[in-house]
Amino acid sequence: MGRRRRRVREPGYVWWIGIGVLLVAAVLLTSWRLALIALLCWCLYEFSLVPTTCRVMTRQGFACHEPIRGRLFACSAAHQQVKNDALWGAARLPNPFRRESAPDPNRDTGMVVYSPTVRAKLAENDRNVLAFAAAGTLIALIAALVGLSS
């Protein structure tokens, strides 16, 4: 895998300051709608904007340390397929979009190789944050729908 050229991005604390400002404004203005916007911003940040590493287990059993943006994404198409399987597995569902890959006849032998089902496990902190972000998204959407009807 070749390394992608890194563009300079904003530091993570800029997002946290923005979300904090929204929360303070929501408290000062007693606006539940502004609090929902802050919650949705945090969920968006965790799903697709947080600077992190790939963390997909390679075939040799080590975690990939390529930089990525967002907990839902991976550094390459092969790692994204493994991460998609892990995300579906975290929801305790089989991946309906899984593509079966043909075995590589030129692969190195004589070493332990971990199968995609073993590799498709999210790190515990990623699993927890994604669960909180998914719950926050659902809560915000339900609250917005209930708020629109009243």
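The structure contained in this document is the topic of the report that follows. Keep in mind that what you see is a predicted model, and the values were worked out from it rather than measured.

Structural notes on the overall build of the chain
The number of helices and strands found in the chain is 5 helices and 2 strands. Reading the helices (α) and strands (β) of the chain from amino to carboxyl end gives α-α-β-β-α-α-α. Sorting the 150 residues of the chain into buried and exposed places 29% on the buried side. A total accessible area of about 10,500 Å² is found for the chain, and carbon and sulfur atoms account for 65% of it.

With respect to the nonpolar core
Side chains that are nonpolar tend, in soluble globular proteins, to be buried together. Grouped together as the largest cluster of nonpolar side chains are 8 residues: I19, W42, C43, F47, A86, L122, L130 and A133. Taken together, the elements giving at least two residues each to this core come down to α2 (32-49) and α5 (124-149). Per-element accounting of this core gives the leading share, 3 residues, to α2. Not counting residues within four places of it along the chain, the set of residues in contact with L130 comprises F47, R71, L72, L87 and L122.

As for the pattern of salt bridges
Scanning the entire structure with this criterion turns up 3 salt bridges. What you see here is one network of salt bridges that share partners, running through E46, R55, R71 and D126.

Remarks on the state of the cysteines
By definition, a disulfide links two cysteine residues through a covalent bond between their sulfur atoms. Summed over all chains, the structure comprises 0 disulfides. Take C43: it sits in no disulfide, and the sulfur closest to it among the cysteines is that of C41, at 9.3 Å. When its relative accessible area of 1% is taken as the criterion, C43 is described as buried. In this structure C75 is not part of a disulfide, and its nearest cysteine sulfur, from C64, lies 3.6 Å away.

Some thoughts on the side chain of R71
Its location among the elements puts R71 in the loop between β2 (67-69) and α3 (77-90). A polar side-chain atom of R71 sits 2.7 Å from a polar atom in the side chain of E46. Apart from residues lying up to four places away in sequence, R71 is in contact with E46, F47, V50, R55, K83, D126, V129 and L130.

Remarks on the packing of aromatic side chains
Following the criterion strictly, the structure yields 2 aromatic pairs and no others. Here W16 and Y45 contribute two aromatic rings whose centre-to-centre distance is 5.8 Å and whose plane-to-plane angle is 75°, an arrangement assigned as edge-to-face. Pair noted here: W16 is in helix α1 (residues 12-28) and Y45 is in helix α2, with a separation of 29 residues, a long-range link. Classification of W16 by relative accessible area gives partly exposed; the value is 44%. Y45 sits in the buried class, given a relative accessible area of 3%. An aromatic cluster is present here, built from W15, W16 and Y45 joined pairwise through their rings.

Rules used in this analysis
- Residues numbered from 1 in each chain as written.
- Predicted model: local features only at pLDDT ≥ 70, side-chain atom pairs only at ≥ 80, totals over all residues.
- Heavy atoms only, no water.
- Helix = DSSP H or I, 4+ residues; strand = E, 2+ residues; numbered from the N terminus.
- Buried < 20%, exposed > 50% of the residue type's maximum accessible area, 1.4 Å probe, protein only.
- Areas by Shrake-Rupley, 256 points an atom, 1.4 Å probe, with all protein chains shown as cover.
- Core = buried A, V, L, I, M, F, W, Y, C linked by side-chain atoms within 4.5 Å.
- Contact = heavy atoms within 4.5 Å.
- Salt bridge = Lys/Arg side-chain N within 4 Å of Asp/Glu carboxyl O.
- Disulfide = S-S within 2.5 Å.
- Polar contact = N/O pair within 3.5 Å; in protein donor to acceptor, adjacent residues only side chain to side chain.
- Phe/Tyr/Trp six-rings, centres within 6.5 Å; stacked < 30°, edge-to-face > 60°.

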